[in-house]
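Next come the chains, spelled out residue by residue.
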Amino acid sequence: LTRNEESLKGRYEKHKDIIKIVVADVNDYPQLVKAMNGVNVAFYLIHSMEGSSKEWKKFAQRDRRVAENFAKAATECGVERIIYLGGLIHGESKEEYSKLSDHMRSRKEVGDILRTSSARVTIFRAAIILGQGGGSFQMLEYLVKRLPVMVCPKWVLTKSQPISVDDVVEYLVRSINIKETEGRDFDIG
């Protein structure tokens, strides 16, 4: 499922006999229902932090709306499983939750919203995903190519647990056939 089939050009050619590309916008509920009709397992790899930095301020609202659409459509279409790749967060208490950045709070909220569907939801939580095609990789590559020196805020000293994009894909795909992953959360790194 993509809004822009052109963005996938060349990425699935080897497997075009088993991959079907569906063009739809998750903001458009009827399109989403049409796209999810007949789907048993849906991967939720949607993130709304895109566009200009001015638009980033609205990403949590977009994340919430899209996750609600997805959960509702999954229920309507009888999707059995949703596998969501979210963000690695520290702790689950209200106090720790209140200390999360807007970005990480939104990632957590998306998982909670997806759980409102009738599907069994598996959540993989990752920190930085390293590898070609990953958002973190693209952001770092962009910064390194444009800034010979960068003054960083203190939060960049936060320790992280990176994971290879290939390992993430392996976890996601293998979880389809591992019943014990249904309805559970996994921190991966």
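Shown above is the structure to which this text applies.
In every chain, residue numbers begin from 1 and rise along the written sequence. For a predicted model such as this one, the threshold for reporting local features is a pLDDT of at least 70, and the threshold for listing and counting side-chain atom pairs is 80 or more; totals across whole chains, interfaces and linings nevertheless cover every residue. Computation of side-chain values: all heavy atoms of the structure, hydrogens and water removed.

Enquirer: Please explain the nonpolar core as it appears in this structure.
Expert: Considering soluble globular proteins, one finds that nonpolar side chains tend to be buried as a cluster. Here, nonpolar core refers to any group of buried Ala, Val, Leu, Ile, Met, Phe, Trp, Tyr and Cys residues whose side-chain atoms link them within 4.5 Å. Accessibility here uses a 1.4 Å probe with only protein chains present; expressed as a share of the type maximum, an area under 20% marks a residue as buried, one over 50% as exposed, and anything in between as partly exposed. Residues Met36, Tyr44, Phe70, Val79, Ile82 and Leu114 are the most contacted members of the largest nonpolar core, which totals 23 residues. Under the DSSP-based scheme used, a helix requires at least four consecutive residues in state H or I and a strand at least two consecutive residues in state E, with every element numbered from the N terminus. Considering each element in turn, this core owes the most residues, seven residues, to helix H3 (residues 59-77). In this analysis, two residues are considered to be in contact whenever any of their non-hydrogen atoms come within 4.5 Å of each other. Apart from the residues lying within four places of it in its own chain, the contact partners of Met36 are Ala42, Phe70, Ala73, Ala74, Cys77 and Val79. Of all hydrophobic cores here, the second largest spans nine residues; its members include Phe124, Ile129, Ile163 and Val168.

Enquirer: Even after reading the chapter, I still don't get helix H1 (residues 29-36), so can you show me in this structure?
Expert: An α-helical turn contains 3.6 residues, so a residue and the one three or four places further along point in the same direction. Taken as a whole, H1 has its buried residues at Tyr29, Leu32, Val33, Ala35 and Met36. Projected onto a plane normal to the axis of H1, the buried residues spread over an arc of 165° and lie on a single side. Across H1 from its buried face, at more than 90 degrees, point the exposed residues Pro30 and Lys34. The inward-facing, buried residues of H1 abut strand E1 (41-44) and H3. Phi turns positive one or two residues past the end of H1, at Gly38, with a value near 85°. By construction, the arc corresponds to the directions joining the helix axis to the C-beta atoms.

Enquirer: Would you explain the pairing of strand E2 (residues 81-87) in this entry?
Expert: As a general feature of sheets, a regular strand has side chains that alternate between the two faces. Across the seven residues that make up E2, a large majority, seven, are buried. Any two strands are treated as partners once DSSP identifies two or more bridges connecting them. In this structure, E1 lies alongside E2, joined through four bridges in parallel fashion. Pairing of Tyr44 across the sheet is with Tyr84, part of E2.

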